[in-house]
Structure formats: structure tokens, C-alpha cells
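Fold and geometry: a report
Letter by letter, the chains look like this.
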Amino acid sequence: MREPFALANFLSRWVPSVRHDLASSDSETTTLSDLLDLAGQDDLERWHELGFGYLDPRGAEWLRHTVAARHERLAADDVVCCAGAQEALAAVVAALLTPHDHAVVVLPIYQPSEEAVTALCTATGVALRATDGWCLDVGAVEAALRPQTKLVLMNMPNSPTGATLDAATMDDLVALCRRRGLWLVSDEVYRHTLDRSHGLGATPAVADLYERGISIDSLSKGYGLAGLRVGWIACRDRRLLAAALNAKNRMSSCLSAASEILAQVALRAEDRILARSRSVGERSRARLDALIAQHPETFGADASHNLAFAFPRYLGTEGADRFANDLAGRADILVLPASLWRSRLGQVPTDHLRIGLGRLGAVPAFDALDRYLFVAVQ
Ligand SMILES: Cc1ncc(COP(=O)(O)O)c(C=O)c1O
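Residues numbered from 1 in each chain as written. Predicted model: local features only at pLDDT ≥ 70, side-chain atom pairs only at ≥ 80, totals over all residues. Heavy atoms only, no water.

What follows deals with the sheet that holds strand E9 (residues 309–310). Ordered in space as E9-E12-E11, the three strands form an open sheet in which the pairing is antiparallel. Two strands in the sheet have a free side with no partner beyond their single neighbour: E9 and strand E11 (336–337). The pairing of E9 with strand E12 (residues 353–356) spans two bridges and is classified as antiparallel. Across the sheet, the residue bridging to Ala 310 is Ile 355, located in E12. (Pairing = 2+ DSSP bridges. Helix = DSSP H or I, 4+ residues; strand = E, 2+ residues; numbered from the N terminus.)

Pasting the structure below:
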């Protein structure tokens, strides 16, 4: 029997009943009519002529071209579209891993991603270093390698910690992977919501940096379009992409026809969509920073650099799990205790909370949290 999916179970337990959702890490969504208002003439024509037969299993050429153009050196045929980042990641690891292989997984990581790997081969976890602002120790990755290691998997920018890799660490990691012939698989769904000091350009996609770099991305987070179910694999190695496409075709034959067009509209209008997401995130972060400053007995400083979520340490004696459950039950406010990123491969932080910043409801939720904490200390 598989380990329960802790994060999904926690969300299904609380989301239907709580008033203030600070658990989500996706940005505020948009309506269909607002999205179509952003469409150019050619996309509107596609929309009105839309049919519903099977489509190119790789994703429409024009959509892959639009994705590729966001990279430094990729063409449409270096991209395969999938039903979200989750399917993209599952297809990549299914294409690469056999029971004889070994993988290194950087922790913490989204539980389904770890399990996609551990269902196929043995794996070793390498934890981001909490004491160092969640740095990756490339020496620890090297020490975890075995002769049969095939890939390194990470989620960077990382959830829940908010960690990013600085250029020197990324260079070291790529150099190590190149020396050892490893694939570097990076789930990059949180690249679009980095704060100003860590903007997009500061954290290149691994597919641009490395010939065996595989970037996984989607419209689910910073674009607020998780319901479209559009994600993709980007990689310069066409043999890898063909194998991943094979694996993907076993899961789903093609994207939704409507989603392909709406994804194209969103990517072409990404400056406006992401600017809005960042501005909501910045407002939320400013309010949260003020709240943290007012409650130094409750929260430690937050070192994350993402506008999708914060990751402060919880300082109360009852612990982050108990606090989060009490907060949901008594104050109708949902935050995520870090223990939900549980792993079979190593320790994950348990004394932090991941707090969503991307929704318009975040500021009123922080006001409610402020009132709850004020009453709690009386
Ligand atoms: C790190 C990470 N990767 C992937 C996913 C899944 O993304 P998608 O909805 O695009 O499949 C999530 C969803 O929460 C996530 O947090």
C-alpha cells in the first residue's frame, strides 16, 4: 500500500470548511472572459473554430513554439506538452529510470514527485541545509552518487522552503552532472513568482544551462491557471523527449483542445498575468512581514524569496502541526505545517509553516490571523 498523500489529505480535510485559505501556492486565477480579453486576433479565431478531436500528442506546434521562445536556445521540437507539471515529471522519470538505476532527490520535494522516482528505482535524499538559508550542498549530492545513478531531481525554486540556487551553486551542480553523465531534472513551477531580488533571469532554466537539463514547468502556479492542466517538458536532448513522449502517451493522448488555446493566450500575455500575480504577492508579503514583526514570539524571520508563499519558522512550544490544526479548527484559517512534505528519503523541516501569498484573500486572512494571535496571547 502506498503512503497516504499527506498534503492532499490535509487540504481535502480543511479546504471545504475554512474561510481563509493561506494553504494554496497558486496565484489568483482569472475568468475565461478576462483571459479571452487578452487574446490576439489569431488566437481568437482559433478559439471560435475550436474542434474537439484528438490533437498532436506533443501539444500544438504553435504552443510548443511559444514555450520554446521563453528559453534561450530551444525550438518547438525541444518541448513536449503534458497535463500539468505532475504528468510531465512522471513521464520524464518513467522514460529514464529502471529498477537497476539510482536517483538522487533533493529534499524537501512534492511528495508525488519523490514517489514517481521511488516507485521505479532506489533513491537517496539530499536535504537543503536549514542552517544555511536552505542552500544545496553540491558536495552532499556528489557523496550520494553511486555508479548506477542516472539522475538528480529537484524542485527549484523550492517549495516549501522558497530556496533558490545561486549561480555558483547551479554551475557546480551542472558541472557535477556533466562529469558524471547525469540527467538534471528540475521542477521549475515556482520560477514565475520569484521576488524582485531573485527575478526570472537570476535563475535560468536547467534546459538552457545543460544539455542533459530537463525543465518541468506549467501554468498552474504564477499564472493561476491550474485548471487548464497545461504543463511541459523542455530539454535539448530529442531522444529523451521522444522517450518521455512515449511514457506520456501511456497516461494521456493529448491536451484538452480548449486548454491549448487558452495556454497560448496566457503565455503571450504573460507579462500582464505575471505582473498581476507579483503585485498580489508583494502586497501579501508586506502584510505578512508586518505581522511577523508584531509577533516575534510566534514566528521567526522568513528567508524565502517567492511571492507565491512564505516559510517562516513557528516558534510556539506546541509545534507547527498543532498550531496549524488549531488555527484551522478555531479560527478558520488554513496554513500548511512543513511536516506535510514528508519523505521516506530523509529529514524534512517540521518547525515551519508554508503560508500562501498569491491570493487576493491573503491580506484579510493575515488580519484575521493577527486578531487570533492577539487573543491567544491575552
Ligand atoms: C512543486 C510542485 N510541482 C508540481 C506540482 C503540480 O503541478 P501541476 O498542477 O502543474 O501538475 C505542484 C502542485 O502543487 C507542486 O507544488
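Counting through the fold element by element, Glu 87 comes out in helix H5 (residues 84–96). Using a relative accessible area of 11% as the deciding quantity, one classes Glu 87 as buried. If sequence neighbours within four positions are ignored, Glu 87 has contacts with Cys 82, Lys 248, Met 251 and Ser 252. In this structure the side chain of Glu 87 is engaged in a polar contact, spanning 2.8 Å, whose partner is the backbone nitrogen of Ala 83. (Buried < 20%, exposed > 50% of the residue type's maximum accessible area, 1.4 Å probe, protein only. Contact = heavy atoms within 4.5 Å. Polar contact = N/O pair within 3.5 Å; in protein donor to acceptor, adjacent residues only side chain to side chain.)

Interface size is often expressed as the accessible area that is lost when the parts come together. The domain boundaries assigned to the chain delineate domain 1 (6–29 + 272–376) and domain 2 (33–268). Taking only C-alpha atoms into account, the centre of domain 1 sits 25 Å from that of domain 2. Counting residues at the interface gives 32 residues for domain 1, matched by 36 residues for domain 2. Roughly 2800 Å² of surface becomes buried between domain 1 and domain 2 when both sides are summed, with 58% attributable to carbon and sulfur atoms. At the boundary of domain 1 with domain 2, the tally comes to zero salt bridges. Elements represented by at least two residues in the side of domain 1 that touches domain 2 include exactly helix H1 (6–14) and helix H12 (270–294). A total of six residues in the side of domain 1 that touches domain 2 trace back to one element, the largest contributor, which is H12. (Domains from an automatic or database assignment. Buried area = accessible area lost by both parts, 1.4 Å probe. Salt bridge = Lys/Arg side-chain N within 4 Å of Asp/Glu carboxyl O.)

Within the structure shown, the criterion is met by two cavities of 30 Å³ or more. Lining the largest cavity we find Met 156, Pro 157, Leu 165, Met 170, Ser 186, Glu 188, Arg 191, Thr 203 and Pro 204. Classifying every residue of the lining of the largest cavity by side-chain character gives five nonpolar, two polar and two charged. Taken domain by domain, the lining of the second largest cavity gets at least three of its residues from each of domain 1 (6–29 + 272–376) and domain 2 (33–268). (1 Å grid on protein atoms, 1.4 Å probe; cavity = no way out; pocket = protein on both sides within 12 Å on 5 of 7 lines; lining within 4 Å. Points joined across faces, edges and corners; volume = space filled by probe spheres on them. Nonpolar A, V, L, I, M, F, W, Y, C, P; charged D, E, K, R; others polar.)

Taken as a whole, this structure holds six aromatic pairs when the rule is applied. Ring centres of Phe 5 and Tyr 110 lie 5.8 Å apart, and the angle between their planes is 80 degrees; this geometry places the pair in the edge-to-face category. Here Tyr 110 lies in the loop between strand E3 (102–107) and helix H6 (111–118) and Phe 5 lies in the segment before H1, a separation of 105 residues in the sequence. For the ring pair Phe 299 and Tyr 314, a centre distance of 6.4 Å and an interplane angle of 70 degrees mean the geometry is edge-to-face. Within this pair, whereas Phe 299 is found in the loop between H12 and E9, its partner Tyr 314 is found in the loop between E9 and helix H13 (320–331), the two being separated by 15 residues in sequence. Neither residue differs from the other here; Phe 299 and Tyr 314 are each classed as buried. Clustering of aromatic rings is evident, with ring pairs tying together Phe 299, Tyr 314 and Phe 323. Lying across the ring of Trp 62, Arg 46 places its NZ or CZ 4.0 Å from the centre. Sitting above the plane of the Phe 309 ring, Arg 354 keeps its charged end 5.2 Å from the centroid. (Phe/Tyr/Trp six-rings, centres within 6.5 Å; stacked < 30°, edge-to-face > 60°. Lys NZ or Arg CZ within 6 Å of the ring centre and 35° of its normal.)

Once that is clear, we can look at the pattern of salt bridges. Taken as a whole and assessed by the stated rule, the structure comprises 22 salt bridges. Note that Asp 21 is salt-bridged to Arg 359, the shortest N-O span being 3.8 Å. With Asp 21 in strand E1 (residues 20–21) and Arg 359 in the loop between E12 and helix H14 (362–376), the pair connects residues that are 338 residues apart, well separated along the chain. We classify Asp 21 as partly exposed; its relative accessible area is 21%. The class of Arg 359 is partly exposed, set by a relative accessible area of 25%. Of the charged contacts in the structure, one is a salt bridge between Asp 26 and Arg 359, with a shortest N-O distance of 2.7 Å. Residue Asp 26 is located in the loop between E1 and helix H2 (32–37), and its partner Arg 359 is located in the loop between E12 and H14; the two are separated by 333 residues in the primary sequence. A residue is classified by how much of its surface remains accessible, and Asp 26, at 18% relative accessible area, is buried. The network of salt bridges with common partners includes Asp 42, Asp 43, Arg 46 and Arg 268.

On to the pairing of strand E2 (residues 79–82), then. Covered by surrounding structure in E2 are Val 79 and Cys 81 together with Val 80 and Cys 82, the residues of both alternating faces. Sheet analysis places E2 next to strand E8 (residues 231–234), joined by four bridges and oriented antiparallel. Across the sheet, the residue bridging to Val 79 is Ala 234, located in E8.

This part covers the site of the ligand. By nearness alone, every residue bordering the ligand is listed as Gly 84, Ala 85, Gln 86, Tyr 110, Asn 155, Asp 187, Val 189, Tyr 190, Ser 218, Ser 220, Lys 221 and Arg 229. Note that an oxygen atom of the ligand is positioned 3.2 Å from one of the side-chain N or O atoms of Tyr 190. Within the side chain of Ser 218, an N or O atom sits 2.8 Å from an oxygen atom of the ligand. If the ligand stood free it would expose 390 Å²; the protein chains cover 90% of that surface. Assessed atom by atom at 2 Å from the grid points, the ligand resides in the largest pocket. It is H5 that provides the largest number of residues to the shell around the ligand, a total of three residues. Here the shell around the ligand is built from residues that sort into four nonpolar, five polar and three charged. (Near = heavy atom within 4 Å. Areas by Shrake-Rupley, 256 points an atom, 1.4 Å probe, with all protein chains shown as cover. Sits in = over half its atoms within 2 Å of the grid points.)

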